[in-house]
Amino acid sequence: MASEATIPFRPAAASSAIAAAISVRSSLSWLSCRRHHHPSAPLPAFASASLHSLAHCRVSRQDFATKNQFGMALAASAASSVPQISLGGPRPSPTEATGSKLALLSLSNKQDLKYLAGGLRDAGFTLVSTGGTAGELQSAGFEVTKVEELTTFPEMLDGRVKTLHPVVHGGILAKRDLDSHMDSLKSRGIGAIDVVVVNLYPFFETVTAPGGASFDTGVEKIDIGGPAMIRAAAKNHQHVLVVVDPSDYPTLLANLQSSNGQGNDLMFRRKLAWKAFQHVAAYDSAVAEWFWLQNHLESGDSEFPPSLTIPLEIKSSLRYGENPHQKAAFFLSNSLLEVGTGGIATAVQHHGKEMSYNNYLDADAAWNCVSEFKNSTCVIVKHTNPCGVASGEDVLEAYRAAVQADPVSAFGGIVAFNVEVDEILANELREFRSPSDGETRMFYEIIVAPKYSEKGLQVLKGKSKALRILEAKKSGIGKHSFRQVGGGWLVQDSDDFTPDNIDFRVVSEQVPTPEQVDDAKFAWLCVKHVKSNAIVVAKNHRMLGMGSGQPNRVKSLEIALEKAGVAGQGAALASDAFFPFAWNDAVETACKAGVSVIVQPGGSVRDQDAIDCCNKYGVAMLFTSIRHFRH
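Now for a look at the structure at hand. Keep in mind that what you see is a predicted model, and the values were worked out from it rather than measured.

About the thresholds
- Residues numbered from 1 in each chain as written.
- Predicted model: local features only at pLDDT ≥ 70, side-chain atom pairs only at ≥ 80, totals over all residues.
- Heavy atoms only, no water.
- Helix = DSSP H or I, 4+ residues; strand = E, 2+ residues; numbered from the N terminus.
- Buried < 20%, exposed > 50% of the residue type's maximum accessible area, 1.4 Å probe, protein only.
- Contact = heavy atoms within 4.5 Å.
- Pairing = 2+ DSSP bridges.
- Axes fitted to C-alpha atoms, helices over the stretch in contact; angles between N-to-C directions.
- Polar contact = N/O pair within 3.5 Å; in protein donor to acceptor, adjacent residues only side chain to side chain.
- Phe/Tyr/Trp six-rings, centres within 6.5 Å; stacked < 30°, edge-to-face > 60°.
- Expected span 1.5 Å × (residues − 1).
- Parallel < 35°, antiparallel > 145°, perpendicular 65-115°, else oblique.
- Left-handed = near helix turned anticlockwise from the far one by under 90°.
- Nonpolar A, V, L, I, M, F, W, Y, C, P; charged D, E, K, R; others polar.
- Salt bridge = Lys/Arg side-chain N within 4 Å of Asp/Glu carboxyl O.
- Core = buried A, V, L, I, M, F, W, Y, C linked by side-chain atoms within 4.5 Å.
- 1 Å grid on protein atoms, 1.4 Å probe; cavity = no way out; pocket = protein on both sides within 12 Å on 5 of 7 lines; lining within 4 Å.
- Points joined across faces, edges and corners; volume = space filled by probe spheres on them.
- Patch = residues over 30% accessible without salt bridge, like charges linked within 9 Å, V, L, I, M, F, W, Y side chains within 5 Å.
- Areas by Shrake-Rupley, 256 points an atom, 1.4 Å probe, with all protein chains shown as cover.
- Lys, Arg positive; Asp, Glu negative; His and termini not counted.
- Charge placed at Lys NZ, Arg CZ, Asp CG, Glu CD.

Some details on the overall build of the chain
For the chain, the helix and strand inventory stands at 24 helices and 23 strands. Put simply, the chain has 631 residues, and 46% of those count as buried. For the chain, the share of sequence-separated contacts (at least 6 apart) that also reach a separation of at least 24 residues comes to 64%.

Rendered as structure tokens:
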């Protein structure tokens, strides 16, 4: 094979098309082919288009320097002020030249950069870096070899191409225990890169920033070279240490120091490789989701994507799962749809024991319920079901009324408010006695609210060392709901309908009063958050009784009426789904119990029976055409 060379050139002295450094490799190609087949033919004039052809030519040093008129003119125009163009010839490898190992650093997040660089330098590594990272290291006094010095090829396309070069990827991917790989590096003057520390362009942060980002801005924040280096290093993890997380810097340096700069702990290397692949996978998931959402918003397409990947990040390991014999952990969703939507996952815990698996489920149920009410509201939840709900101008009265709905169930429950907990409310929570006996101080697992006054928080902390105090942002709408089944997932839009979205249609002869309609809307919003089959009895913005989770609607009705007692006279009754039967069944039982209005979705083949039954007893009936099953 013909030899290769490095030739300086001056753009102004050559064709006007030669405006930047190009890499030309030597071997047989179009130009030498032409001379072989047409030795007497004159060489073409090299206009701008010819430069592209030249870049793909592989010509011998002798042909290029002595036989080709263009090559001679180009060589004659060289000047020392112009950068060298690599033709890929033999050259000393960087490790041979420096006598040290190479560590490649390319970081968007420059947290602890000086600490990392100092540790690598002390471990005997030569630092190789890109753009901004190199500049910051140089400013801090570190000696740095820029990537373009290593590749002898300049950054191009506004930074889109920096590290996509055989010198970089050959140095990363070569297997050190394979002679053919190392001989290949040596013959091409490529140094082995033993440590790769890379994190990626802040794509997620850019597209989720307040005000969003334009499509073009988002596209330019998609990292290409970074993921390529990370994947290459992770694949070759037996020989290359790859780090994507600044929290791993201390462990990396300690590992290098304990092994004389070799980092020979294979399990540590595999852990870093796993973390690297996971980092890139999460990054690509965000990019894919963003592209899908862009198309979705522009086209109005309501279909789910044909494939879906949701990056999850562990927030905490839990003591156990739903039961003590089950292991558990809590993960945060990094889906773009979850950004800024509030909820329990991002709540701040001010006090108390660590959250358990069941705590998260119950707190989520309570917070989702209370977030839907406009007026000052208190919701008390036990085993994910609201057992007490009350609204009013006075949040103290709302709290007392919520406890009164079912004091036994409220004890040990989760209390949620949609207004600030101040000192007065905190004292009430601390000292309130159970309505059951007037003596027992109420005990709660969790209190969650959107805000606490300083004194209110201080009072609550004094109630119990174990009391978990959470501050959460209102749960957003327009999200997706995920639920696992064996071997798969069910995905649906979140149930965001509130009374404002519904037409409460009167279908009975009895027309409800405005107050009765108001009670019906309150009961309907409560029943939405109760497990099916669900019945709620409510009056004056207070839940009086509820029946949940029963296999038949009649039994849920009986439980709700029993809890409501005599207070249920003249109350509103809400059902999460239609009544399949009316006479001698749930509807007639409710009418006989003295409710004044029944609200239900309708949709049964026996709807007319339900209407006729209400007409007989003078009870108003409202249809919503919206069902609220909750399994």
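Digging into the sheet that holds strand E6 (residues 193–198)
With parallel pairing, the 5 strands of this open sheet are ordered in space as E5-E4-E3-E6-E7. With one partner strand each, in any of the chains shown, strand E5 (144–146) and strand E7 (241–243) form the two edges of the open sheet. On average, adjacent strands in this sheet sit at an angle of 25° to one another, irrespective of strand direction. Two elements, strand E3 (residues 101–106) and strand E4 (residues 125–129), share 5 bridges in a ladder whose sense is parallel. Counted as the bridge partner of Leu102 is Thr126 from E4. With respect to the sheet, helix H13 (residues 225–235) is in contact with E3, E6 and E7, its orientation differing from that of E6 by roughly 135°. Where helix H14 (residues 249–258) meets the sheet, its contacts fall on E4, E6 and E7, and the angle it forms with E7 comes to roughly 160°.

Examining the side chain of Ser604
The topology assignment puts Ser604 in the loop between strand E22 (597–600) and helix H24 (607–617). Residue classification places Ser604 among the buried positions, given a relative accessible area of 10%. Within the local environment of Ser604, its side chain forms a polar contact with the backbone nitrogen of Arg606, the two atoms lying 2.9 Å apart. Apart from residues lying up to four places away in sequence, Ser604 is in contact with Phe578, Phe579 and Pro580.

Description of the packing of aromatic side chains
The final tally for this structure, using the stated rule, is 12 aromatic pairs. Geometrically, the ring pair formed by Phe215 and Trp290 is stacked, given 5.2 Å between the ring centres and 15° between the ring planes. Of this pair, Phe215 sits in helix H12 (residues 215–220) while Trp290 sits in helix H15 (residues 266–299), placing them 75 residues apart in sequence. When its relative accessible area of 35% is taken as the criterion, Phe215 is described as partly exposed.

A short note on helix H21 (residues 514–527)
Given a rise of 1.5 Å per residue, 14 residues ought to cover 20 Å, and the 20 Å separating the end C-alpha atoms of H21 matches this to within 8%. Within the span of H21, buried status applies to Gln516, Asp519, Ala520, Phe522, Ala523, Trp524, Leu525, Cys526 and Val527. Buried residues in H21 make contact with strand E12 (385–391), strand E19 (535–539), strand E20 (542–547), strand E21 (572–575), E22 and strand E23 (620–623).

Re the packing of helix H22 (residues 553–564) against helix H23 (residues 586–593)
Their axes nearest at 9 Å, the elements H22 and H23 cross at an angle of 15°. Put simply, H22 runs roughly parallel to H23. Handedness of the H22/H23 crossing: right-handed. Contacts between H22 and H23 involve Val554, Leu557 and Leu561 from the first element and Ala586, Thr589, Ala590 and Ala593 from the second. In terms of residue class, the contact of H22 with H23 is built from 6 nonpolar, 1 polar and no charged.

A few points about the pattern of salt bridges
Taken as a whole and judged by the stated rule, the model has 17 salt bridges. The partner of Lys528 in a salt bridge is Glu372, and the shortest N-O contact between them spans 2.8 Å. Placement of Lys528 in the loop between H21 and E19 and of Glu372 in the loop between helix H16 (357–370) and strand E11 (377–382) is noted, with a sequence separation of 156 residues between them. Accessibility expressed as a relative area gives 1% for Lys528, which makes it buried.

Focus: the nonpolar core
By size, the foremost hydrophobic cluster in this structure holds 44 residues, and its most contacted members are Ile344, Leu470 and Val536. With sequence-adjacent residues up to four places away left out, Leu470 is seen in contact with Ile344, Ala347, Val348, Gln349, Met355, Ala363, Ile446, Ile447, Val448, Ala449 and Tyr452.

Topic: the environment of Thr152
Tracing the chain through its elements places Thr152 in the loop between helix H8 (147–151) and helix H9 (166–173). Classification of Thr152 as partly exposed rests on a relative accessible area of 30%. In sequence terms Thr152 and Val167 are 15 residues apart; their C-alpha atoms lie 9.3 Å from each other.

Some details on the packing of helix H19 (residues 423–431) against helix H20 (residues 454–461)
Contact geometry for H19 and H20: axes closest at 7 Å, N-to-C directions at 10°. With respect to their mutual orientation, H19 and H20 come out roughly parallel. The element H19 and its partner H20 pack so that their crossing is right-handed. In this structure, H19 contributes Glu423, Ala426, Asn427, Leu429 and Arg430 to the contact, and H20 contributes Lys455, Gly456, Val459 and Leu460. Per-class residue counts for the contact of H19 with H20 are 4 nonpolar, 2 polar and 3 charged.

Description of the layout of surface pockets
Leftover empty space is mapped by rolling, across the atoms, a probe with the size of a water molecule. Space inside the second largest pocket adds up to approximately 970 Å³. For the second largest pocket, the lining is made up of 25 residues, of which Gln278, His279, Ala282, Glu313 and Asn334 are closest to its centre. Where the lining of the second largest pocket is concerned, the elements lending two or more residues are helix H11 (203–207), H15 and strand E8 (312–318). Here the element with the most residues in the lining of the second largest pocket is H15; it accounts for 7 residues. Split by residue class, the lining of the second largest pocket holds 15 nonpolar, 6 polar and 4 charged.

Structural notes on a negative patch on the surface
Together, Glu148, Glu149, Glu155 and Asp158 give the surface a local cluster of negative charge. Mapped onto the fold, Asp158 is located in the loop between H8 and H9. For Asp158, a relative accessible area of 85% gives the class exposed.

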